[in-house]
Amino acid sequence: MVAIVADARRAVRNVWSVSFGGGLEPYRPAPSTTVYEGEHRHLKRYDRTTPATGNPVLLVPPLAVTPSCFDLRPGQSLVRFLLDQGRQPYVIDYGRFGYADRDLGLEDWTHDILPEAILRIAHEHDGPIDIIGWSLGGAMALLTSAAHPDLPIASITGLATPIDQARTPLLQPLRLAGRITGGREMALATRLMGGIPQEFVQLGFRLQAFDRELARPMFLARNALDTEALARMEATDRFMSSMPGYPGRSYWQIYRSLVVRNELASGSIRLRSDLVIELAKVTCRVLLVGSRTDMVVPATAVRRGIDVLPNAAEARFVEVTGGHLGLVASAAAAETTWPAIEEFLSR
């Protein structure tokens with residue numbers, strides 16, 4: 001009886017901590033050192049205690065998320081996995097966006113922010129680098145490589161990279177509305193607000209994971225005594241609540257070119273009237289990773305990238321398990337995605 005009462009108290013305390021209290025565990029990111037910091041470009045090098053092997057690795061997050069997607073917590077950290085494999089990871093942090101950033105477009109990343117980070121890392125290591133990008137981060141890495149074929153990039157790994165948005169069921173109502181209206185309502189909204197506020201981004205991500213939100217009470221009840229399961233849930237909640245917003249021009253380009261016009265599926269994208277980037281100009285090795293259970297960017301939407309990278313030195317697709325974030329940072333990712341990345345980088 002005493003044990004039952006103690007377990008009941010611990011269960012209540014655990015559920016209260018993750019739902020209303022201070023949490024089960026504080027966020028402790030892997031230690032890192034700033035390489036340089038500028039406006040929307042904070043490059044960090046993760047600390048190692050032994051010399052690294054292989055090419056350095058630049059982690060590229062998408063817009064509207066923090067770099068913690070690669071380092072949620074021990075056991076859910078691609079960063080720590082790369083460190084354990086002997087590699088030297090870096091990450092680029094874009095910081096927060098406000099109304100003053102409304103004119104930032106994707107070309108600011110493909111032609112400035114990412115090339116600068118790549119060149120600085122390559123100079124520091126005197127050789128080419130490998131890039132790993134999650135979601136839109138993978139697309140931005142591919143577009144950067146295509147726009148600057150001379151950059152010292154050995155390989156690009158795209159995790160849940162959105163290439164063919166026609167294959168994403170969740171986006172079909174948005175695509176239909178955009179074709180009917182020409183996207184005028186979105187253009188007006190982003191112009192007035194200067195972008196998409198962080199509250200909207202956080203709400204959108206939760207709506208995309210609506211099944212998770214519905215199952216939350218049952219998950220809490222079933223795992224009230226499992227502190228590891230609750231800590232994983234807490235780490236995901238913390239990540240979603242930290243999402244910054246989108247700059248206005250960038251979001252408009254994503255909506256118009258990637259979603260409504262689905263330009264990447266045809267192999268090119270027009271960012272300005274005088275700027276078209278063709279994926280056929282990517283010549284490095286490419287690994288694309290997708291999951292059939294990812295509702296945000298399904299595996300079929302990622303696999304299309306193999307068809308639009310005809311000149312890549314190598315183009316491979318690997319299917320793994322997990323949701324949009326889960327294929328990057330979950331127990332399943334540690335068994336599927338991370339080993340696939342290491343196998344690709346090691347060859």
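These numbers come from a predicted model, not from an experiment.

A short note on a nonpolar patch on the surface
Side chains of Leu-188, Leu-192 and Met-193 sit close together on the surface and give an oily, nonpolar patch of about 290 Å² of accessible area. Within the secondary structure layout, Met-193 lies in helix α6 (residues 184-193). Its relative accessible area of 35% is what places Met-193 among the partly exposed residues.

Some thoughts on the environment of His-42
Mapped onto the elements of the fold, His-42 is located in strand β2 (residues 41-46). On the basis of relative accessibility, which here comes to 15%, the residue His-42 falls in the buried class. In the structure, His-42 is positioned 50 residues away from Ile-92 in sequence and 5.6 Å away in space, judged by C-alpha atoms. Sequence-distant contacts of His-42, defined by excluding residues within four places in its chain, comprise Thr-34, Tyr-36, Glu-37, Val-91, Ile-92 and Asp-93. Reaching out from His-42, the side chain makes a polar contact with the side chain of Thr-34 at a distance of 2.7 Å.

What about the side chain of Ser-291?
Note that Ser-291 resides in strand β11 (residues 285-291). In terms of polar contacts, Ser-291 uses its side chain to reach the side chain of Thr-293, at 3.0 Å. Filtering out sequence-adjacent residues up to four positions away, Ser-291 remains in contact with Val-297, Pro-298, Ala-299, Val-320, Thr-321, Gly-322 and Leu-327.

Looking at the packing of helix α3 (residues 106-125) against helix α4 (residues 136-147)
Two numbers describe how α3 lies on α4: the axes approach to 9 Å, and their chain directions differ by 80 degrees. One element, α3, and the other, α4, form an angle in the roughly perpendicular class. Together, Leu-106, Trp-109, Thr-110, His-111, Leu-114, Pro-115 and Ile-118 of α3 and Met-140, Ala-141, Leu-143, Thr-144 and Ala-147 of α4 make up the contact between the two elements. For the contact of α3 with α4, the per-class residue count stands at nine nonpolar, three polar and no charged.

Describing the pattern of salt bridges
Scanning all chains against the criterion turns up 19 salt bridges. A salt bridge links Glu-314 to Arg-285, with the nearest nitrogen and oxygen atoms 2.9 Å apart. Highlighted residues: Glu-314 in strand β12 (residues 314-320) and Arg-285 in strand β11, separated in sequence by 29 residues. Here Arg-285 falls in the buried class, since its relative accessible area comes to 18%. When the shortest N-O distance is used, the salt bridge between Glu-314 and Arg-316 registers 3.8 Å.

Parameters at a glance
- Residues numbered from 1 in each chain as written.
- Predicted model: local features only at pLDDT ≥ 70, side-chain atom pairs only at ≥ 80, totals over all residues.
- Heavy atoms only, no water.
- Patch = residues over 30% accessible without salt bridge, like charges linked within 9 Å, V, L, I, M, F, W, Y side chains within 5 Å.
- Areas by Shrake-Rupley, 256 points an atom, 1.4 Å probe, with all protein chains shown as cover.
- Salt bridge = Lys/Arg side-chain N within 4 Å of Asp/Glu carboxyl O.
- Helix = DSSP H or I, 4+ residues; strand = E, 2+ residues; numbered from the N terminus.
- Buried < 20%, exposed > 50% of the residue type's maximum accessible area, 1.4 Å probe, protein only.
- Contact = heavy atoms within 4.5 Å.
- Polar contact = N/O pair within 3.5 Å; in protein donor to acceptor, adjacent residues only side chain to side chain.
- Axes fitted to C-alpha atoms, helices over the stretch in contact; angles between N-to-C directions.
- Parallel < 35°, antiparallel > 145°, perpendicular 65-115°, else oblique.
- Nonpolar A, V, L, I, M, F, W, Y, C, P; charged D, E, K, R; others polar.

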